[in-house]
Amino acid sequence: MAGGASSSGGARDGGESVVIDYGRRRTTCGYCRSSGPTSISHGMWANSLKADDYQALLDRGWRRSGCFLYKPEMERTCCPSYTIRLKANDFICSKEHGRVLKKMQRFLDGELDPQVGSPQRKASPTKRSLSEPSNSPTSKVSKVSANEFQEATCPNFLKEDEFICCLSSKINEAIDTYFQGVILGSTVQLPKAVVKTVKPQVKKKVGEAMQKNKAGVQDLVYTCNISFQIVAAVRRALPKEKSANQTEVLADLSPNSVAEKLVMTMERLGGLAGFEVKACNGHLNFYSAANPAMQNHTGAVVPVQASDKTSRSKQSSVNKISAKHPQKRKSLEIRMSTSHFDPEEFALYRKYQTKVHKEKTITESSYRRFLVDTPIVFVPPKSGDNTVPPCGFGSFHQQYRIDGKLVAVGVVDILPKCLSSKYLFWDPDLAFLSLGKYTALKEIDWVKTTHEHCPSLQYYYLGYYIHSCNKMRYKAAYRPSELLCPVRYEWIHYDLAKPLLDKSQYSTLSDYATMQDETPQPQICGPSDDSSAKVDHHESPSDEDDEDVNDYESEMMIDEELVDSEKADTTECGSSIKDIENITLDLNGSKVKYKLVFGPIERRHLNALEGQLSRYAKVVGKELSDRMVYCMS
């Protein structure tokens, strides 16, 4: 498709927008995984497109995949897709977003062991057979003593993540030891233990309960519910007809009994200096042994002095290890460059698509068409001009590098009012860092900073929001977000639009007023403030109107070789000749207004052309259709 006519000039004058071959597309939906071509959209190609004109198209529900522009036919498509945006300066960082930022900071500071959350760790078997020999290779990790394990994998075990890893290993060791002689069949598999930190409010409740029962106040630090998982796994896996031995085992199988036996096994194995483990309502609770009058479940008093001495010796050994292995801080660098092919980026893209999306064939040509090719005309910055950001307008690749290594690439469009996020691909080996969310937060920060230099640029566009797709719901978590009404092209606060979408996948969002009696009324964001939106607001609504993983991590990729064009029927348009008379046509290199076209044209061809141009004018808006050049294919 070719892009844009010569609209408002000045610093943002990038030539003209030229589009070609408007029609409809029917494809198989990538969101609901329909069996047939149920995803219906308007489509056209752009040879060149001014930043102002693409901004106006975004505000009418269009998006791009390479040089292909598309807009869902909202009333007919299987998964209606609403353009969603966020005003960066109003962004409210949630607790989850805060955790993502802290996790990255800890990783950069060298305090987070990447092996704890790496894909390799997650991809390893999470369950083990109860009848598996104790010397099996898969159980070697849990057979290492606590001290050996700490020295091998947790050089500074006082770091919380590493110590939790050690406690989990001790529980797994106790599980293997206890169930070693129990034969329940090869189909019974045992889940791995996960130790969690106890929240402050839970600690408070436990402390109050202990005081009420006149028991010594203990500091509950960690807990684990593996006993419940073991019971569920055993009951689920055993056959209906059980052997006598299995029946005997099941008779005494409950979370409480399993927890108590694991506690006794862990105490027999030792290696928990500084902590006391107790069984409580099926949970394994770990208490700090720093307080006096600490008693275990048998009533034996834990010698505080010995515990303190052990803690001091542990602290001393930790300091020695830390001195031998100083933590190295990593550096994060974010680079932005205009869209171009980079072999290093392509290698990361291929790795991402293969491991995350399970694609078997990734070609350089498809990558170029999807993420490198762009019709948007680059507008360079000018000194002293605050209408253009320091990077200029156009399509960019934002690289994220840690210690020089490329770990993520965000493909974005920088436009007069927004940063439009198109796609993100990242290193699957760093999935534990939630790079999709992290890069989205950095893009929001970029908009905030750039707004100070370019006041018109203040929004962050996250692509499409599909209310019926659970994987899309994360976009609404970037609050306070707005959705574009597909009929009147007004921006509606998400909290106002949600009740309508809960009732119907496709809704005229600006009809929220009909539900005011039953819906809270946050501040409404009015119609788009650009001139084209104001004109379009008064037009008759269109009869018809696609993106982590993870993340804003997925933009609908349209492969032109797989898309069939369904030309518009002349019987559906119903527009007058006045709607199309000022459309500029490119006829063999000559540009002429439609109303000035002359020559011997058969009526049937003229009707077909008028029908196509009428629908084109309707879906892009009269103002845009008047100033963009339509190139005849």
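Preceding this section is the structure that the text describes.
Note that the coordinates shown come from a computational prediction; the quantities given were computed from them, not determined experimentally.

Student: Teacher, can you tell me more about the overall build of the protein chain here?
Tutor: Counting its secondary structure elements, the protein chain contains 20 helices and 22 strands. Out of the 633 residues belonging to the protein chain, those deemed buried represent 49%. For the protein chain, the accessible surface area stands at approximately 29300 Å², while carbon and sulfur atoms represent 52% of it.

Student: I would appreciate a short explanation of the environment of N89 in the present structure.
Tutor: Within the fold, N89 resides in the loop between strand 5 (82-87) and helix 2 (95-108). Sequence separation of N89 and Q458 is 369 residues, and the distance between their C-alpha atoms is 7.4 Å. The residues touching N89, leaving out its near neighbours within four places in the chain, are K448 and H451.

Student: Can you help me understand helix 13 (residues 343-355) in this one?
Tutor: Given a rise of 1.5 Å per residue, 13 residues ought to cover 18 Å, and the 18 Å separating the end C-alpha atoms of helix 13 matches this to within 8%. Looking at the buried residues of helix 13, the elements they touch are helix 14 (364-372), strand 13 (394-402), strand 14 (405-414) and strand 15 (418-426). Where helix 13 begins, one side-chain oxygen reaches toward the backbone nitrogen of E344, 2.9 Å away; that side chain belongs to D342.

Student: Would you explain the side chain of H467 in this entry?
Tutor: Locating H467 in the fold gives a position in the loop between strand 16 (459-465) and strand 17 (481-484). By relative accessible area, H467 is classed as buried at 6%. Here the side chain of H467 touches Y465 through a polar contact of 2.6 Å, side chain to side chain. Residues contacting H467, with those up to four places away along its chain left out, are R473, Y494, K498, L501 and D502.

Student: How should the packing of helix 13 against helix 14 be read in this particular structure?
Tutor: Two numbers describe a pair of packed helices, the interaxial angle and the distance between the axes. Contact pair helix 13 / helix 14: the axes reach a minimum separation of 11 Å and the direction vectors enclose 100°. Judged on the interaxial angle alone, helix 14 and helix 13 are roughly perpendicular. Counted together, E345, F346 and Y349 of helix 13 and E364, Y367, F370 and L371 of helix 14 form the full contact between these two elements. Class assignment of the residues belonging to the contact of helix 13 with helix 14 gives a composition of five nonpolar, no polar and two charged.

Student: Sorry, what's going on with unusual backbone geometry here?
Tutor: Glycine aside, residues mostly have negative phi, and peptide bonds are mostly found in the trans state. Each neighbour pair has its own omega, and for R479 with P480 the value is 0°, a cis peptide bond. Among the structural elements, P480 can be located in the loop between strand 16 and strand 17. Look at N281: it is not a glycine, yet its phi comes out positive at around 55°. Within the secondary structure, N281 sits in the loop between strand 10 (275-280) and strand 11 (283-288). Overall, N281 belongs to the exposed group, its relative accessible area being 61%. Phi at K358 is positive, roughly 60°, even though this residue is not glycine. Within the secondary structure, K358 sits in the loop between helix 13 and helix 14.

Student: What is the right way to look at the packing of helix 9 (residues 226-237) against helix 11 (residues 255-269) in this model?
Tutor: Contact pair helix 9 / helix 11: the axes reach a minimum separation of 8 Å and the direction vectors enclose 120°. Considering their axes alone, helix 9 and helix 11 lie oblique with respect to each other. Remark: the crossing between helix 9 and helix 11 carries right-handed chirality. Here I226, S227, F228, I230 and V231 of helix 9 lie close against helix 11, whose contacting residues are P255, V258, A259 and L262.

Student: Before we go on, may I ask you to explain the packing of aromatic side chains in this structure?
Tutor: Both the distance between ring centres and the angle between the ring planes are used here to describe each pair of aromatic rings. With the rule as written, the count across this model stands at 19 aromatic pairs. On the basis of an interplanar angle of 45° and a centroid distance of 4.8 Å, the ring pair of Y349 and Y367 is categorised as tilted. With Y349 in helix 13 and Y367 in helix 14, this residue pair connects regions lying 18 residues apart in the sequence. On the basis of relative accessible area, Y349 is assigned to the buried category, the value being 2%. Both rings, one in Y461 and one in W491, keep their centres 5.7 Å apart while their planes meet at 80°; by these two values the pair is edge-to-face.

Student: Where do I start with the nonpolar core in this structure?
Tutor: Nonpolar side chains in soluble globular proteins tend to be buried together. Counting 72 residues, the largest nonpolar core has M44, L57, Y478, L483 and Y616 as the members making the most contacts within it. Setting aside residues no more than four positions away along its own chain, Y616 makes contact with V19, Y22, M44, I583, S625, M628 and Y630. Ranked by size, the runner-up nonpolar core spans 30 residues in total, among them M104, I402, A408 and F432.

Student: Honestly, the sheet that holds strand 18 (residues 491-493) in this entry has me stumped. Any pointers?
Tutor: The pairing of strands in a sheet happens through backbone hydrogen bonds and is either parallel or antiparallel. Read from one edge of the open sheet, eight strands run 12-13-14-15-16-5-17-18, paired in mixed fashion. Single-partner strands in this sheet number two, and they are strand 12 (332-338) and strand 18. The sheet shows a mean angle of 35° between the axes of neighbouring strands, taken without regard to direction. Bridging between strand 17 and strand 18 involves three bridges; their strand directions are antiparallel. Pairing of L483 across the sheet is with I492, part of strand 18. Sitting on the sheet, helix 13 touches strand 13, strand 14 and strand 15, and the angle it makes with strand 15 is about 70°.

Student: What is the right way to look at helix 16 (residues 494-503) in this model?
Tutor: Because an α-helix completes one turn every 3.6 residues, residues spaced three or four positions apart along the sequence face the same direction. Those residues of helix 16 not exposed but buried are Y494, L496, A497, P499, L500 and L501. Those residues of helix 16 that are buried are in contact with strand 5, strand 16, strand 17 and strand 18.

About the cut-offs
- Numbering of residues starts from 1 in every chain and runs along the sequence as written.
- For a predicted model such as this one, the threshold for reporting local features is a pLDDT of at least 70, and the threshold for listing and counting side-chain atom pairs is 80 or more; totals across whole chains, interfaces and linings nevertheless cover every residue.
- As a convention, hydrogens and water are excluded, and side-chain values are obtained from all of the structure's heavy atoms.
- Under the DSSP-based scheme used, a helix requires at least four consecutive residues in state H or I and a strand at least two consecutive residues in state E, with every element numbered from the N terminus.
- Summary of the burial criterion: residues with accessible area below 20% of their type's maximum are buried, those above 50% are exposed, and those between are partly exposed, where the area comes from a 1.4 Å probe applied to protein chains only.
- Surface exposure here means Shrake-Rupley accessible area, sampled with a 1.4 Å probe, where a residue is shielded only by the protein chains that are shown.
- The criterion used for residue contact is that any of the two residues' heavy atoms lie within 4.5 Å.
- For a helix, the expected span equals 1.5 Å multiplied by the number of residues minus one.
- Counted as a polar contact is a pair of N or O atoms within 3.5 Å, where, for protein atoms, one must be capable of donating a hydrogen and the other of accepting one, and residues adjacent in sequence contribute only when both atoms are in side chains.
- Axes here mean lines fitted to C-alpha atoms, for a helix over just the part in contact, with angles spanning 0 to 180 degrees between N-to-C directions.
- Note that the term roughly parallel is reserved for angles under 35 degrees, roughly antiparallel for angles over 145, roughly perpendicular for angles of 65 to 115, and oblique for everything else.
- Any residue that is not Ala, Val, Leu, Ile, Met, Phe, Trp, Tyr, Cys, Pro, Asp, Glu, Lys or Arg is counted as polar, Gly included; the first ten are nonpolar and the last four charged.
- Crossing handedness is defined as follows: a turn of the near helix away from the far one that is anticlockwise and smaller than a right angle gives a left-handed crossing, while the clockwise case is right-handed.
- Note on aromatic contacts: the rings of Phe and Tyr and the six-membered ring of Trp form a pair at centre separations within 6.5 Å, being stacked when their planes are under 30 degrees apart, edge-to-face when over 60 apart, and tilted otherwise.
- What makes a nonpolar core is a set of buried Ala, Val, Leu, Ile, Met, Phe, Trp, Tyr and Cys residues whose side-chain atoms join them at distances within 4.5 Å.
- Any two strands with at least two DSSP-identified bridges between them are counted as paired.

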